[in-house]
Amino acid sequence: MSNRDESFLRKRAEEYGQSQLFDFWPQLNTAQQQELLHHLAQVNFPEMARLIHSLVLEDPPVEYFQTMNPVALVKGDDSRRVEAMEAGESLLREGKVACFTVAGGQGTRLGFDGPKGSYPIGPITGHSLFQYHAEKIRGLQRYYNTTLPWYIMVSAANGEATRIFFEDNNCFSLDPENILFFEQRMVPSVTAEGKIILETPSRLAMSPGGHGGCVQALVDGGAIADAKKRGIEILSYFQVDNWAIKVADPRFIGHHYLNQAEMSSKCHRRNGPREAVGVHCLCDGAYRVIEYSELDIYPQLLQVDEEGFAVFAAGNSGIHLLNTDFVQRVYEHFDEFPWHKAFKKIPTVNQEGQTILPQAPNGYKFETFIFDALRFAKNPVALEIQRLGEYTPIKDYDGVNSVVAARKSMTEYWGGWAKAAGLVLSEAADETERYSLEISPAWAVNEEEFIERAASLSSDFHPDSAILADGRIVTARGEDACQSD
Ligand code: UTP
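Everything numeric here is computed off the predicted structure, so don't read it as measured data. (Residues numbered from 1 in each chain as written. Predicted model: local features only at pLDDT ≥ 70, side-chain atom pairs only at ≥ 80, totals over all residues. Heavy atoms only, no water.)

### Notes on the environment of K345
Item 1. When you line up the elements, K345 lands in the loop between strand 14 (340-344) and strand 15 (348-349).
Item 2. On the accessibility criterion, K345 (45% relative accessible area) is partly exposed.
Item 3. Once the C-alpha coordinates of K345 and R407 are considered, the two residues, 62 residues apart in sequence, prove to be 29 Å apart.
Item 4. The contacts of K345, once residues within four sequence positions are left out, are L357, P358, Q359, A360, P361 and N362. (Helix = DSSP H or I, 4+ residues; strand = E, 2+ residues; numbered from the N terminus. Buried < 20%, exposed > 50% of the residue type's maximum accessible area, 1.4 Å probe, protein only. Contact = heavy atoms within 4.5 Å.)

### Quick word on helix 9 (residues 250-258)
Item 1. Along helix 9, seven of the nine residues are buried, which leaves the element largely enclosed by surrounding structure.
Item 2. Buried within helix 9 we find P250, R251, F252, I253, G254, H255 and H256.
Item 3. Positive backbone phi, at 50°, marks Q260, one or two positions downstream of helix 9.

### A look at a nonpolar patch on the surface
Item 1. A contiguous nonpolar surface patch, about 310 Å² in accessible area, is contributed by V62, Y64 and I297.
Item 2. When you line up the elements, Y64 lands in the loop between helix 3 (45-57) and strand 1 (68-70).
Item 3. Taking relative accessible area as the criterion, Y64 reaches 67% and is therefore assigned exposed. (Patch = residues over 30% accessible without salt bridge, like charges linked within 9 Å, V, L, I, M, F, W, Y side chains within 5 Å. Areas by Shrake-Rupley, 256 points an atom, 1.4 Å probe, with all protein chains shown as cover. Salt bridge = Lys/Arg side-chain N within 4 Å of Asp/Glu carboxyl O.)

### Looking at the pairing of strand 2 (residues 97-102)
Two faces belong to every sheet, and in a regular strand the side chains alternate between them.
Item 1. When you tally the buried positions in strand 2, you get six out of six residues, the bulk of the element.
Item 2. Residues V97, C99 and T101 of strand 2 are buried on one face, and the alternating residues A98, F100 and V102, pointing to the opposite face, are buried as well.

### Quick notes on the site of the ligand
Item 1. Around the ligand sit 20 residues in total, of which T108, K116, Q184, G210 and K395 are the nearest.
Item 2. The contact in question runs from an oxygen atom of the ligand to an N or O atom on the backbone of G107, over 2.8 Å.
Item 3. If the ligand stood free it would expose 560 Å²; the protein chains cover 89% of that surface.
Item 4. Of the residues in the shell around the ligand, the class split is five nonpolar, ten polar and five charged. (Near = heavy atom within 4 Å. Polar contact = N/O pair within 3.5 Å; in protein donor to acceptor, adjacent residues only side chain to side chain. Nonpolar A, V, L, I, M, F, W, Y, C, P; charged D, E, K, R; others polar.)

### Quick word on the pairing of strand 3 (residues 150-154)
Item 1. Along strand 3, five of the five residues are buried, which leaves the element largely enclosed by surrounding structure.
Item 2. Burial along strand 3 is two-sided: W150, I152 and V154 facing one way and Y151 and M153 facing the other are all buried.
Item 3. Judged from the four bridges that link them, strand 2 and strand 3 form a sheet pairing that is parallel. Among the inter-strand pairings, C99 is bridged to a residue of strand 3, identified as W150.
Item 4. Regarding topology, helix 5 (residues 129-144) serves as the crossover connection from strand 2 to the parallel strand 3, and that connection is right-handed.
Item 5. Pairing between strand 3 and strand 4 (residues 179-183): five bridges, direction parallel. Of the residues in strand 4, the one forming a bridge with I152 is F181. (Pairing = 2+ DSSP bridges. Right-handed = clockwise from strand over helix to strand, strands pointing away.)

### A closer look at the confidence of the model for the protein chain
Item 1. For the protein chain, the average pLDDT comes to 94, and 94% of its residues sit at 70 or higher.
Item 2. Confidence scores differ between elements of the protein chain, with strand 21 (residues 473-474) showing the lowest mean pLDDT of 90 and strand 2 the highest of 99. (pLDDT = per-residue confidence, 0-100.)

### Some details on the pattern of salt bridges
Item 1. All told, the structure shown has 19 salt bridges when counted by the stated rule.
Item 2. For R163, the salt bridge goes to E183, with nearest N and O atoms at 3.8 Å. Here R163 is found in helix 6 (residues 159-168), whereas its partner E183 is found in strand 4, with 20 residues between them in sequence.
Item 3. Residue classification places R163 among the partly exposed positions, given a relative accessible area of 30%.
Item 4. On the basis of relative accessibility, which here comes to 39%, the residue E183 falls in the partly exposed class.
Item 5. The residue D226 makes a salt bridge to R230 at a minimum N-O spacing of 2.8 Å.

### Side note on the packing of helix 4 (residues 81-93) against helix 9
Item 1. Interaxial distance between helix 4 and helix 9 falls to 6 Å at its minimum, and their mutual angle equals 100°. Here helix 4 lies roughly perpendicular to helix 9, going by the angle between them. Of the residues in helix 9, those in contact with R81, E83, A84, M85, A87, G88, E89, L91 and L92 of helix 4 are P250, R251, I253, G254, H255, Y257 and L258.
Item 2. For the contact of helix 4 with helix 9, the residue count by class is nine nonpolar, three polar and four charged. (Axes fitted to C-alpha atoms, helices over the stretch in contact; angles between N-to-C directions. Parallel < 35°, antiparallel > 145°, perpendicular 65-115°, else oblique.)

### A closer look at the packing of helix 11 (residues 403-420) against helix 12 (residues 447-454)
Item 1. Taken N-terminus to C-terminus, the directions of helix 11 and helix 12 make an angle of 50°; their axes are 9 Å apart at the nearest point. Judged by the inter-axis angle, helix 11 sits oblique to helix 12. Here helix 11 runs over helix 12; the crossing is right-handed. In contact with W417, A418 and A420 of helix 11, helix 12 contributes E447, F450 and I451.
Item 2. Counted by class, the contact of helix 11 with helix 12 contains five nonpolar, no polar and one charged residues. (Left-handed = near helix turned anticlockwise from the far one by under 90°.)

### What about unusual backbone geometry?
Item 1. Located in the positive-phi region is N379, a residue other than glycine, with phi close to 50°.
Item 2. Secondary-structure assignment places N379 in the loop between strand 17 (363-367) and strand 18 (382-385).

Here's what the structure looks like:
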C-alpha cells in the first residue's frame, strides 16, 4: 500500500488523534482529495505528536543550570585584529567562502506583499534588500578577485516568487551559476488542543519551520555538496532582513579561522537587560543562546553593572559563520535541536469550509533556531560589533527594528563615510531624519575604498543622493513600498 493511499493516511491521522483532517473529505472533488493526500503524506506524524505533547499540551520543561556566565566577547581592538584581517582576506581570495542567506520566513510583521528580500529598501533608488546583498557580493568579488557563491534558503511560502524576482532582475548581474536556491521544510500549525489546523478543506495550515531548518535544508537541498565541490569551507550566514550586514566580513572570518571555530557569531551589546534579543552565554560551561522570552526563567541574565549595562552583554544579531563540515556533522544531531512554539493568527476553515483569518492568535507554529547549533560547535567565537553599519533588522515598517529605523541608520553610516572623504554635506550629518543617502556596496566595499573613489565622483554628492554600482549619482526619491498599519 502506498503511503499516499486514503485508507493508509486516514488510519495514520486517526492513530495520532488527527481525524479532523478528513472532516471535509466527502465534499472534496478528486483533485482536492489528491491535494489533501499529497499534503498529509508529507506530515511527520510522530514528530508532530512529540511537539504537541511536549510544547502544547504540557509546559515545555525548563532547563536549570548550576552556572551561567557571559561569553567572552572578542572586541574591535583585539590584539589579533590585523592577523585576523589578513587570514580572512586570504580565505576570500582562495575562494573558500560562500554567502548564505536565510529568506524562508513569512515576514508577517512587515505586511509586505512579496518575499521580504524583494522589499524596496533603498529610499532613493528603491533597490531591494536582495539587490543590496547581491551588490555586496559583486563588490567583494571585484575587490578580492574571487567568486562568492550565494546559497539562498526559501520556503514553499515564497520560493517561487523569490526565484521569479531574481529572474526578472537578471540576478542583479551575478552569474546565475553561482546562485543556488533551496527550500526548507514546512511544519503544520496546531490549535491549543493540539489539533492540526486546516487552512482550506484540502490544505493544511503550514509554516516554515524556523531558520534552524537550514541545517536540514542545506544538506538535503544540495548546497553543502555543491559547496564542497567548489572547495568552500565557510558559509557566511545572514538573515535577508539585515540591510546593513557586512557579508563575508574578512575580519570575522579571520577570527573564526584563527580560533579553529566550527561556528561563530557577531554579537551587539544589549542595550538593556530586557532588549528583545537572544543572549549568548555559557550554561554549565556549554555555549547557549537564551531566547528573550525566557529571561524571567533565568534572572541572572537581567543583572546590570554599576553603570546600568547588562552584565550578560552579548546580544544575538543573527550573523554567523558555519563551516561546511560542521553543517554536515550537526545535520546528524538535528533531532536534538529544541523546538520553540509561537502563538499566532493562523488562517483556518470554519464549519462551512471557508477560510477565515482570525482576529486573535488561535494556534501554534513550531520553529527551530540556527543559534541552537552553537551548542554543538567547537571553539565558537563571539565577535563584538557596533550596530551602525552591521545590524539593521527589519521587522516592521516603523518603530524599533523597522524600515524607517534602518534607513536612518544607513544614512548616518554612509554620512560618516562622506564626511571622512571630505565631502561637504550641506546639512549636518546628525540631521539624518531629514535626508537619505545610499552608496552601492558594489561601488565601494568599505569606507577605505569609498574615500579612494570619492575623488572621482562626477558631480556633487549631497543629501538625498545615491551612488549606483557604476558610480552614477541619482537623486530622485523613491516611493515607500508599504506603510504598515
Ligand atoms: P524572523 O523570525 O524575524 O521572521 O526571521 P520573518 O519571517 O522575517 O518575520 P515575521 O516574524 O513573520 O514577522 C529572521 C530571518 O530568518 C528567516 C527570515 O526569512 C529572516 O531572514 N527565516 C525565518 C527563515 O529563513 N525561515 C523561517 O522559517 C523563519
